[in-house]
Amino acid sequence: MKDKVLLSVKGVSKSFIGVKAVDNVNLEVMEGEVHGVVGENGAGKSTLMNLIFGMLKRDSGSIFFDGQEVNFKGPADALKAGISMIHQESSLVQQFTASENIWLGMEERFMKNGIINNRARDEATQALFDEFKLDTLKYNMLISESSIASCQMVEVIRAVAGNAKLIIMDEPTSSLSEKEVAVLFRIIRQLVEKNVAVIYISHKLDEVLTICDRVSVYRDSKYITTANVGDINRHQLVSFVVGRELNNLYPKEQSEIGETVLEVKKLTRYGKFRDVSFSLHKGEILGFAGLQGAGRSEVAECIFGIEKADEGEILIDGKSVRIKSPSNAIQHGLGMVTEDRLRSGIIAQLSVLCNMTLAKLEKYCSKGLKIINRKKEISAVDENIKTLQIKVNNRNQTIDSLSGGNQQKVIIGRWTLSTPRILILDEPTRGIDVGSKSEIHKLMGHFVKMGMSIILISSEMEEVLGMADRIIIMRDGQVVHTCAREDATQEILGSYALG
Amino acid sequence: MKNVKFNTEKIATFALNNKALILLLVISIILSIASPFFLTGANLINVVRQACVLAIMGIGFTLLLSSGSMDLSVGNLMAMIGVVMALMDKAGYHPTLIVGVGLLVGIGGLCFNTFLVQTFDLPGFILTLATGYIFTGIMWLISGGQSPAGINDWFKFIGQGTVLGIPLQIYLMVIIAIIFTFLIKKTEFGRHSLAMGGNLKAARICGININKNKYIIAAIMGACTTVAAMVTTGRAASAQLSAGTDTAMDTIAAVVIGGTPMSGGIANVPGTVIGCLLIQVISNGLNLLDVNSNWHKVAKGVVIIVAIILDVKGTDIINKLRVKNQDKKAN
Ligand SMILES: Nc1ncnc2c1ncn2[C@@H]1O[C@H](COP(=O)(O)OP(=O)(O)OP(=O)(O)O)[C@@H](O)[C@H]1O
Ligand SMILES: [Mg+2]
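Quick notes on the rules
Residues numbered from 1 in each chain as written. Chains lettered and ligands numbered in written order. Predicted model: local features only at pLDDT ≥ 70, side-chain atom pairs only at ≥ 80, totals over all residues. Heavy atoms only, no water. Near = heavy atom within 4 Å. Polar contact = N/O pair within 3.5 Å; in protein donor to acceptor, adjacent residues only side chain to side chain. Areas by Shrake-Rupley, 256 points an atom, 1.4 Å probe, with all protein chains shown as cover. Helix = DSSP H or I, 4+ residues; strand = E, 2+ residues; numbered from the N terminus. Nonpolar A, V, L, I, M, F, W, Y, C, P; charged D, E, K, R; others polar. Pairing = 2+ DSSP bridges. Axes fitted to C-alpha atoms, helices over the stretch in contact; angles between N-to-C directions. Contact = heavy atoms within 4.5 Å. Donors = N, O, S within 2.8 Å, 3.2 Å for Na, K, Ca; no water. Buried < 20%, exposed > 50% of the residue type's maximum accessible area, 1.4 Å probe, protein only. Salt bridge = Lys/Arg side-chain N within 4 Å of Asp/Glu carboxyl O. Phe/Tyr/Trp six-rings, centres within 6.5 Å; stacked < 30°, edge-to-face > 60°. Domains from an automatic or database assignment. Buried area = accessible area lost by both parts, 1.4 Å probe.

### Considering the site of ligand 1
Residues and elements named next belong to chain A.
- Lining the immediate surroundings of ligand 1 are 19 residues, of which G42, S46, T47, H203 and G405 lie closest.
- Between an oxygen atom of ligand 1 and a main-chain N or O atom of G44, the distance comes to 2.9 Å.
- Here an oxygen atom of ligand 1 sits 2.9 Å away from a polar atom, N or O, in the main chain of S401.
- If ligand 1 stood free it would expose 640 Å²; the protein chains cover 85% of that surface.
- At the level of elements, β2 (19-30), α1 (45-52) and α14 (404-417) are the ones that each hand at least two residues to the shell around ligand 1.
- Considering each element in turn, the shell around ligand 1 owes the most residues, three residues, to α1.
- Counted by class, the shell around ligand 1 contains five nonpolar, 11 polar and three charged residues.

### As for the sheet that holds strand β13 (residues 260-269) of chain A
All names here are of chain A.
- The strand order across the open sheet formed by four strands is β14-β13-β16-β17, and the pairing between neighbours is antiparallel. Each edge of the open sheet is held by one strand with a lone partner, namely β14 (273-281) and β17 (319-321). Shown here is a sheet whose adjacent strand axes are inclined to one another by a mean of 20°, direction ignored.
- Each of β13, β14 and β16 (311-316) touches helix α9 (residues 296-303); the most contacted strand, β14, lies at about 65° to it.

### With respect to the sheet that holds strand β5 (residues 68-69) of chain A
Residues and elements named next belong to chain A.
- Here we have four strands laid out as an open sheet, ordered β2-β1-β4-β5, and antiparallel in their pairing. Each of the sheet's edge strands pairs with one partner strand only, and the pair in question is β2 and β5.
- Here five bridges tie strand β1 (residues 5-16) to strand β4 (residues 60-65), and the two strands are oriented antiparallel to one another. Residue S13 lies in a different strand from β4, and its bridge partner there is S60.
- Lying over the sheet, α1 contacts β1, β2 and β4, oriented at roughly 65° with respect to β2.

### Here we look at the environment of A:R475
Residues and elements named next belong to chain A.
- Position of R475 relative to the elements: it lies in strand β21 (residues 470-475).
- Note: C-alpha distance between R475 and S436 (39 residues apart in sequence) is 30 Å.
- Residues contacting R475, with those up to four places away along its chain left out, are A294, V480, Y496, A497, L498 and G499.

### Examining the coordination of the magnesium ion (ligand 2)
Residues and elements named next belong to chain A.
- Taken together, S46 (OG) and Q88 (OE1) make up the full set of protein donors to the magnesium ion (ligand 2), lying 2.0 to 2.2 Å away. Residue S46 is located in helix α1, and its partner Q88 is located in the loop between β6 (83-86) and α3 (98-102); the two are separated by 42 residues in the primary sequence.
- Of the residues examined, S46 reaches a relative accessible area of 21% and is grouped as partly exposed.

### A closer look at the interface of chain B and chain A
- On the chain A side, the residues contacting the 27 residues of chain B number 40 residues.
- On inspection of chain B and its partner chain A, the count reaches two salt bridges.
- Between A:K370 and B:E188 there is a salt bridge, with its nearest N and O atoms 3.7 Å apart.
- Across the chain B-chain A interface, the total number found is 10 residue pairs in polar contact (both at pLDDT 80 or more).
- The set of elements that each furnish at least two residues to the side of chain B that touches chain A consists of α8 (168-186), α9 (188-198), α10 (200-205) and α14 (294-330) of chain B.
- When residues in the side of chain B that touches chain A are grouped by element, the largest group, six residues, is from α9(B).
- Broken down by class, the residue content of the side of chain B that touches chain A amounts to 10 nonpolar, 10 polar and seven charged.

### Considering the packing of aromatic side chains
- With the rule as written, the count across this model stands at six aromatic pairs over all chains.
- Aromatic side chains A:F185 and A:Y200 sit 6.2 Å apart centroid to centroid with 65° between the ring planes, which places their arrangement in the edge-to-face category. Here A:F185, found in helix α6 (residues 178-193), pairs with A:Y200, found in strand β10 (residues 197-201); they are 15 residues apart in sequence, far enough to count as distant. A single burial state applies to A:F185 and to A:Y200, both of which are buried.
- For the ring pair B:W154 and B:F155, a centre distance of 4.8 Å and an interplane angle of 15° mean the geometry is stacked.
- Take B:F155: its relative accessible area is 0%, and that puts it in the buried class.

### Considerations on the domain arrangement of chain A
All names here are of chain A.
- Taken as a whole, chain A is organised into domain 1 (5-242) and domain 2 (260-498).
- For domain 1 versus domain 2, the distance between C-alpha centres works out to 29 Å.
- Listed as interface residues are 29 residues of domain 1 and, on the opposing side, 27 residues of domain 2.
- With both sides pooled, the region where domain 1 packs onto domain 2 buries about 2,100 Å², and carbon together with sulfur makes up 49% of that total.
- The tally of links between domain 1 and domain 2 comes to zero salt bridges.
- For the interface between domain 1 and domain 2, the tally reads six residue pairs in polar contact (both at pLDDT 80 or more).

### Some remarks on the pairing of β2(A)
Residue and element names in this part refer to chain A.
- In this structure, β1 lies alongside β2, joined through eight bridges in antiparallel fashion. Along β2, the bridge assignment pairs F16 with V19.
- Between β1 and the antiparallel strand that follows it, β2, lie two residues; G18 among them carries a positive phi value of about 85°.

Spelled out as C-alpha cells, the structure:
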C-alpha cells in the first residue's frame, strides 16, 4: 500500500536575512506513511513545512503533491489540495470554543442561507471527539481556559476535520505527557488506516522510532538522509541528528546536598492542588513527575508568586515568607522558566539581547537613574549565547525570528543570567534537540554544583529519572509519592502518576 | 560592484526605517517649488513652532503606546488644564502655584484613568473615551462657556517668547525628545516599559512591577500634557476651549506615522517628532497654497494611509532585497 508517492520536495531553498534556512533540500512522503522529520534546533524543519504548506514562498526548487507540481499561494490553497498543518506554536483563537476553532475556515459545510448552524457544527465536533475517543474534551470548552494539552488535541482534531491527505505535525507532543502521547499515537494509527499520510516532527527520538515508518534527517539547513525506521537504532539516529557521537543525554553528576533552602507546607489552591508539602535542599535537583493537569505547574506558579495560594506556608532559609508577585520571588532569590514560552516567556518584539537580560536588568544598570551599561550587558549576553550554544545571527535580531528551540534557550539564558539560588524549570527542554538537551542537563549539573537548587518539572519521565536527586509524583492536585533517585523506576513513576 | 550594491541596500534600509522623514523631505521639496513662501526662515520656524504642542504630546504618547497602554482623553485633559491655569492666572495666583496645580491636574487626571483601568481591569480605550467626556464637561463647567483671556506675561512667554531668536517651545520640544529617547533606549525603566507593551504576562514574570510602572508612565504623560497645555494657552494668550477636540487622534496619527506601532513593544521618539512635523508641513503647505481648509483633513488621512502602507510593504521589500544580496554574495 505504501508505495505511491504523495509528496515530493526537490531541491527546495529558502533564505531569510542573514541565514539560508533551507538549502537545496529533499523530502519524499508516501501515501499512508508516517514520515519522521528530525534535526537540531534551527535546522530548518519548520521553515520547510511552511514552504510545503504555502505559508512561505520558496526561493527555488519544486514541490509535487499528489502527482502534480504545486505552487501554493497561501495555506488556503494547501488546505484545498488536501494538506493541513499543526503548527509548532498554537494557532487557535483564544476567545473561541473548541468547536468554533476546529471548523474555522470550513464553516461552509454547516451553512444554510449564509447562516451557520451551530448545533450541527457542535454535533460534528462531538462526533469527531467520539470517533477518536477523546472523552476529556468538550465541544464548547473555551480555548483560553483550556490546558495546553487539550489545546493541542483540538489542533490535532482541526487538522483531521478537513479530510486532509497529508497532515503535517510540527512538534505535536512537546506539550503532552505520556498518556496524551499515547492518545495521539492512537489517532495517528487511525488516520493511517484511512490512508492519510503524516509528517511527524519531533525532538523526542523514541517517539519517532515508535510511530514513524521512515525518517528524514536535516542538519544546518541541509538534507542529510532518509532511513527506514526498522533499519536503524536510537543511537544511530542520535548521531545522524547531532552529526557526532553523543553518549550521555543525562550527564548527572553527584553534587553535595546541603541544608534546606525552601520548605513548602500544606500549600493549597482551591480547585488546583491541596496540601502540597516538600522541602528543597541546597545543591539538589528535585523532580516533579506526573501527568499534565496534575497540578505541578500550578504549585510552581504559586511559589513564584504568579498566582496566589489560598492556604499554606512557604519558608525560605527557615523563615516564613509571603511571595505576592514574581518580583517578590526574584528578590528572594527565585527564578522560573515557565511552561508556556509564547504566552508567558518571550517578548516577541524585543531583541534576543533585551529578552535575555530582562529578569535582572538592574545588574547592568547604574545606581539611582538605572542607566543601562551597554557594554556590560552585551558581554554577558554574548557569553551566555556561547555557553548555551544558541543559534543566532545577531544578538539584536528579534527573538521571534529564532527557531522554537532557540527561543527556549534564550529564556533559559534569561534565568541563568539572573543567578537565582532556587531555579524552577517547568518543562525546560521542551522542543529542544537532543544535543542541546544534553548541554542543558550538563548546565543544570553545573549550577547545583555551585550551590543552586533546582525544581525540575517535566512530563518526560526519563528526564526526571535521569536528572533529579529526589522525585515527587503528583496526581489530581496532590502529592502521591516521594522517592529518592535510587529507588525510582519508570514503573513506579508510571503507576503513581496514573493511580 | 559589490560595494555599490551594499550601499543601495543600506540607503533603502535607512529610507524605510525613516519613512516619515523621507515623506517629509519629498513633500517639503514639492512645496518649496509650488510656493515661494514655503522655504523662508520665518515660515519654517513657524511650522516647527506649530508642531511643538503636538510633538510634546506625541513624545509622551510614544512611551504610553509602546508600553501597551492607550489613552484617548489626553486632548480633553489638555484643554481642561489650560482653562484651570488661565483662570488661576486671572485670579492672580503665583506662577509657581499655577504650574504646580497644572502639573497636579495633568498627572492626577491620567493616574485616575490608570487607577480605574488597573483596579477594575477595564479596557483603556473605552474607559478613557469616557473620562475624556468628564474632563471636557468639567472644563465647560469651570469656564462657564467662555475662554478665559488676558493672561499675564510670564504665561504668554511660554507660548510666544523666544530665546536667541528661536521660540521657547522649540527648546522645550527638543529637550523633551532628548530626555525621552534616553529614557526609553538607555534606562531600565524604558526597557521595562517596552517589555510590558510586548508581552505583559512575560514582563510580570520577569519581576517587573506592572502597576507601579503604569502609574509612572501615566504621570509622565500627564506632565507632558500639562506642558502642552501651557504652550497652547500661552501662544493664544487665552485658554482654548476647543483645543482638545482632535488632539488625541492627531497625536496617535503622528506617533504611528513616526514608526511606533499601536501594538506595543516598539518605540520611536525621533520618528514621532518627524511625524508631527509632517502633519504640520502639510497643513502649512495647503494654507500657503490657499486650499480650502477642509482639504487639510483629507490630506492628513491620505498621509497616514501612505505611511502605514510604506511601513508594512516597505519592510517586505527591504527584506527581499537583503536576502538577494546575501545569496549573491554566498554564491
Ligand atoms: N522569519 C524569520 N526571519 C529570519 N530568520 C528566520 C525566520 N524564520 C526562521 N528563521 C531562521 O531559519 C532557521 C531555521 O528555522 P526553523 O524554525 O525552520 O528551525 P527548526 O528546524 O524548526 O528548529 P526547532 O527545532 O528549534 O523548531 C533558523 O536559523 C531561524 O533563526
Ligand atoms: Mg521548528
